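# Observations on the three-dimensional arrangement
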Amino acid sequence: MLGSKIDKVELAAVLEDHRKWLESGGEEGARADLSNCDLSGYNLQQANFEKANLEGINLHRTNLRTANFKGANLKNAGMEEADLQWSIFLRADLRDASLGGASLHFADFSNADLSGARMQNVFLHNAYFWEATLARADLKGASFRFTDMNSANLNGATLKGAVIAATKMINADLSESDLSNSEITMSNFEKATLRNSKLNHAYLLKTTFHMADLRGADFNDSKAEAVDFSDARFS
């Protein structure tokens, strides 16, 4: 089924077998394997893909609101402009996945692996990334609002031009990250690591970097208003 457009009848059968597999602990049915299949544009709201093999799947502009992807394999998945609001990606593998322009409001990516993911211009309002891995992820132009990134790994991530508002980055690792030209307001970077990060031309307002590690960080031509750098480490 490499690159094939699976029809809705076949898909329903696959998901039914998958439901039986999950509920029986593998005794009945079969684990869903939709790797490299094309489900673009489908309405899959509330679908259950927990632990499914979805590597390389095409979910471009698919409605996946409230879908369950817990522990699913989504490596190299194409999810551009998909509606992923309220979806659950707990412990999912999204390495090198493409989510550019996707709507991720209230989505839960806690403990998920998004290393190398392409997430340009995504909407992350009220999304959860607690202890998620986003190393080398491309988040250029992303919109963060009330987003929880506590203890997330964003080492080497690109957030150039991102808008980050009322977001929690407590204990997050943003070493070597690019936050240049970003707008950061009313956010919390307490105890975060931003060693050798780029914040040049950034605008910082009412944000705390209390006890953050800022050694080697570049604040050249940035503007900071009412920012808390208490006990932060610069050298």
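Every value quoted in this text rests on a predicted model; they were computed, and no experiment measured them. (Residues numbered from 1 in each chain as written. Predicted model: local features only at pLDDT ≥ 70, side-chain atom pairs only at ≥ 80, totals over all residues. Heavy atoms only, no water.)

### Describing helix α1 (residues 8-23)
Note the threshold: Every helix listed is a DSSP run of H or I at least four residues long, and every strand listed is a run of E at least two residues long, numbered separately from the N terminus. What a helix should span is 1.5 Å times the count of its residues minus one. Each residue gets one of three labels from its accessible area relative to the maximum for its type: buried under 20%, exposed over 50%, partly exposed in between, using a 1.4 Å probe on protein chains only. Think of the arc as the fan of directions from the helix axis to the C-beta atoms.
Helix length check: α1, at 16 residues, gives a terminal C-alpha distance of 22 Å against a target of 22 Å (1.5 Å per residue), a fit within 8%. Those residues of α1 lying buried are Leu11, Leu15 and His18. Looking straight down α1, one finds that the buried residues subtend no more than 60° of arc, so they occupy a single side. Among the exposed residues of α1, those oriented more than 90 degrees off its buried face are Val9 and Glu23.

### Notes on the sheet that holds strand β2 (residues 163-165)
Short version of the rule: A strand pair is defined by DSSP finding two or more bridges across the two strands. Here the axes come from fitting lines to C-alpha atoms, over the contacting stretch only for helices, and the angles between their N-to-C directions go from 0 to 180 degrees.
Here 5 strands make up an open sheet; going across it, the order is β1-β2-β3-β4-β5 and the pairing parallel. What marks the edges here is a single partner per strand, and that holds for β1 (143-145) and β5 (223-225). Direction aside, the axes of adjacent strands within the sheet are offset by 5° on average.

### Here we look at the pattern of salt bridges
The line we're drawing: Think of a salt bridge as a Lys or Arg side-chain nitrogen and an Asp or Glu carboxyl oxygen that are within 4 Å of each other.
Evaluation of the coordinates by the stated rule reveals 9 salt bridges. Here Arg19 and Glu23 are joined by a salt bridge, their closest N and O atoms 2.7 Å apart. Placement of both Arg19 and Glu23 in helix α1 is noted, with a separation of 4 residues, approximately one turn of the helix. Bridged by salt links that share partners, the residues Glu16, Arg19 and Glu23 form one connected network.

### Observations regarding the environment of Asp17
Where we set the bar: The contact criterion used is simple: two residues touch if any of their non-hydrogen atoms lie within 4.5 Å.
Within the secondary structure, Asp17 sits in helix α1. Apart from the residues within four sequence positions on either side, Asp17 is in contact with Gly29 and Ala30.

### Some details on unusual backbone geometry
In the Ramachandran plot, Asn111 falls in the positive-phi region, its phi being about 60° despite a non-glycine side chain. By secondary structure assignment, the location of Asn111 is in the loop between α1 and β1. Given a relative accessible area of 34%, Asn111 falls into the partly exposed group. You will see that Asn171, though not glycine, has its phi angle at about 65°, which is positive. Mapped onto the elements of the fold, Asn171 is located in the loop between β2 and β3 (183-185).

### Section: the environment of Arg19
The line we're drawing: N or O atoms closer than or at 3.5 Å make up a polar contact, with two conditions inside protein: a donor-capable atom paired with an acceptor-capable one, and, for residues adjacent in sequence, both atoms drawn from side chains.
Residue class for Arg19 comes out partly exposed when judged on its relative accessible area of 34%. In the structure, Arg19 is positioned 81 residues away from Gly100 in sequence and 29 Å away in space, judged by C-alpha atoms. At a separation of 2.7 Å, a polar atom in the side chain of Arg19 contacts the side chain of Glu23.

### Notes on the environment of Arg65
You can see Arg65 is positioned in the loop between α1 and β1. Taking the C-alpha atoms as reference points, Arg65 and Leu15, separated by 50 residues in sequence, lie 16 Å from one another. For Arg65, the contacting residues outside a window of four places in its chain are Gln45, Gln46, Asp83, Gln85 and Ser87. Within the structure, Arg65 has its side chain in polar contact with the side chain of Asp83 (distance 2.7 Å).

### Details of the nonpolar core
Stated precisely, the cut-off is as follows: Among buried residues, the Ala, Val, Leu, Ile, Met, Phe, Trp, Tyr and Cys ones that are joined through side-chain atoms within 4.5 Å form a nonpolar core.
Grouped together as the largest cluster of nonpolar side chains are 71 residues, with contacts concentrated most on Leu74, Met79, Leu99, Met119, Leu134 and Leu139. Setting aside chain neighbours within four positions, we find Met79 in contact with Leu59, Leu64, Leu74, Leu84, Phe89, Leu94, Ser98, Leu99 and Ala102.

### Concerning the packing of aromatic side chains
To be explicit about the condition: Working definition: a ring pair exists when centres of Phe, Tyr or Trp rings (six-membered ring for Trp) sit within 6.5 Å. Plane angles under 30 degrees give stacked, over 60 give edge-to-face, the rest tilted. A positively charged side chain is recorded as over a ring if its NZ (Lys) or CZ (Arg) lies within 6 Å of the ring centre. The angle to the ring normal must also be within 35 degrees.
The full count for this structure, using the stated rule, is 9 aromatic pairs. A centroid spacing of 4.7 Å and a plane angle of 5° characterise the contact between Phe69 and Phe89, whose relative ring orientation is stacked. Taken together, the positions of Phe69 in the loop between α1 and β1 and Phe89 in the loop between α1 and β1 put the pair 20 residues apart, joining distant regions of the chain. Overall, the relative accessible area of 0% leaves Phe69 in the buried class. With 4.4 Å between their ring centres and 0° between their planes, Phe89 and Phe109 make a pair best called stacked. One end of the pair, Phe89, is in the loop between α1 and β1; the other, Phe109, is in the loop between α1 and β1, and 20 residues separate them in sequence. The buried category is assigned to Phe89, whose relative accessible area is 0%. Connected via pairs of aromatic rings, a cluster forms that spans Phe49, Phe69, Phe89, Phe109 and Phe129. Its end group placed over the ring of Tyr42, Lys8 keeps NZ or CZ at 5.4 Å from the ring centre.

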